[in-house]
Amino acid sequence: MLALANFPFRRARRTRSLQWIRDLTAESHLSAKDLIWPVFVMEGENKVEEIKSLPGVSRMSIDKVVECSKDMYQRGLTCVALFPYTPSNLKTPNCEEAWNPENLVNRATRALKKEIPQLGVMLDVALDPYNSQGHDGLFKNGKILNDESLEALTKQALIQAESGADILGPSDMMDGRIGKIRSSLEKNNYKDTIILSYSAKYASSFYGPFRDAVGASGALKGDKKTYQINPSNSDESLREVAADLTEGADMVMVKPGMPYLDMCRRIKDTFGVPTYAYQVSGEYAMIQAAANNGWIDGDTAVFESILCFKRAGCDGVLTYFAPKILEILEGL
Ligand code: PBG
């Protein structure tokens with residue numbers, strides 16, 4: 001830090017005194033281009049279904065997802081991330097639905113790419129929406145089978161790339177998954193498919209509403225602590241990021257977001273790669289609940305919560321508040 005003048009030669013409040021000078025000296029900025037919008041897809045037509053634990057977020061049938069995404073794209077959104085609400089009769093111990101080319105997210109991807117080719121589509125690589133046990137990997141006799149899961153995840157990823165997904169987001173936290181997925185993409189000539197690895201994904205309590213949204217909460221046996229990172233650890237996440245980059249990830253993610261801003265900064269400073277945060281369902285639910293009760297001002301709190309990811313070093317944010325942020329930006 002450079003030496004600063006002493007008071008009154010330096011008055012910090014000069015550059016805070018009016019909106020235009022605050023804008024001129026702002027270090028971080030937020031635009032529609034910083035956002036990835038997570039969307040829950042369900043079967044049917046013309047369907048929009050409220051998710052109780054995520055007030056203001058709905059599951060939508062594919063036609064509605066396309067309609068809303070088109071509107072958001074026209075207003076500046078660059079990318080959506082799709083998550084399926086899989087009918088429970090399609091959930092099995094071997095998760096075969098994950099690599100069915102006709103599963104919900106693959107159909108939704110094709111529909112989106114057909115109607116809005118310039119909108120990025122990201123898909124989650126993980127078995128939980130298809131697993132009768134609710135886990136991200138294959139779960140047999142009380143244990144997650146790492147290497148067997150890799151085969152399943154690689155099949156899932158390849159079909160997603162074939163369906164037209166631009167970004168694959170492995171969120172499963174199995175060891176070695178990025179390398180396996182990258183080799184299979186290269187071998188099959190999907191050279192431009194981007195991998196945004198959920199590298200620093202923590203075993204967090206903030207995923208609850210998401211598991212309701214995809215219908216996985218009832219199914220989950222136990223917890224995910226044998227594969228997701230212990231919230232106490234910081235160096236371990238750097239090792240995960242290093243491994244994923246070596247194995248062929250293009251971009252990396254920290255998840256959850258707000259309680260882990262230190263990780264966003266550390267990862268950005270250490271690796272200098274495109275870094276993202278997922279403001280997860282529990283974070284959304286907390287802010288929304290406080291806003292709905294009038295305990296905080298919703299719009300300004302939402303905007304601040306996303307802007308702070310930029311300040312912490314993130315290049316972008318996955319957030320259920322994407323529609324709200326667009327609204328706020330349009331009103332500025
Ligand atoms: C699972 C997955 C989860 C989320 C995204 N992908 C939940 C989990 O790990 O149990 C959570 C997102 C959120 O809470 O908003 N593959």
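Not measured: the values here are computed from a predicted model.

Rules of the game
Residues numbered from 1 in each chain as written. Predicted model: local features only at pLDDT ≥ 70, side-chain atom pairs only at ≥ 80, totals over all residues. Heavy atoms only, no water. Buried < 20%, exposed > 50% of the residue type's maximum accessible area, 1.4 Å probe, protein only. Helix = DSSP H or I, 4+ residues; strand = E, 2+ residues; numbered from the N terminus. Contact = heavy atoms within 4.5 Å. Patch = residues over 30% accessible without salt bridge, like charges linked within 9 Å, V, L, I, M, F, W, Y side chains within 5 Å. Areas by Shrake-Rupley, 256 points an atom, 1.4 Å probe, with all protein chains shown as cover. Salt bridge = Lys/Arg side-chain N within 4 Å of Asp/Glu carboxyl O. Pairing = 2+ DSSP bridges.

**Student:** Explain helix H5 (residues 177–187) to me, please; I cannot follow it from the model alone.
**Tutor:** An α-helical segment advances 3.6 residues per turn. Residues three or four places apart therefore align on the same side. Of all the positions in H5, only Arg177, Ile178, Gly179, Ile181, Arg182, Ser184 and Leu185 are classed as buried. Of the surrounding elements, those touching the buried residues of H5 are strand E5 (120–125), helix H4 (146–163), strand E8 (167–170), strand E9 (194–201) and helix H7 (235–247). Where H5 terminates, the next one or two residues include Asn189, which has phi positive at roughly 70°.

**Student:** What is the right way to look at a nonpolar patch on the surface in this model?
**Tutor:** On the surface, a cluster of nonpolar side chains totalling about 380 Å² of accessible area is made up of Leu18, Trp20 and Leu24. Mapping Leu18 onto the fold places it in the segment before helix H1 (19–24). The partly exposed category is assigned to Leu18, whose relative accessible area is 46%.

**Student:** Any chance you could explain the pairing of strand E10 (residues 251–255) here in plain terms?
**Tutor:** Every regular strand shows the same layout, with side chains that alternate between the two sheet faces. Among the five residues in E10, five count as buried, and that is most of the element. Side chains Met251, Met253 and Lys255 project from E10 onto one buried face, and the interleaved Val252 and Val254 project onto a second face that is buried too. Of the strand pairs in this sheet, E9 and E10 are connected by four bridges, and their pairing is parallel. The residue bridging Leu196 from the neighbouring strand is Met251, located in E10. Where E10 lies against strand E11 (residues 275–279), three bridges are found, and the strand directions are parallel. Pairing of Met253 across the sheet is with Tyr276, part of E11.

**Student:** Help me understand the environment of Leu123 in this model?
**Tutor:** Along the polypeptide, Leu123 turns up in strand E5. On the basis of relative accessibility, which here comes to 0%, the residue Leu123 falls in the buried class.

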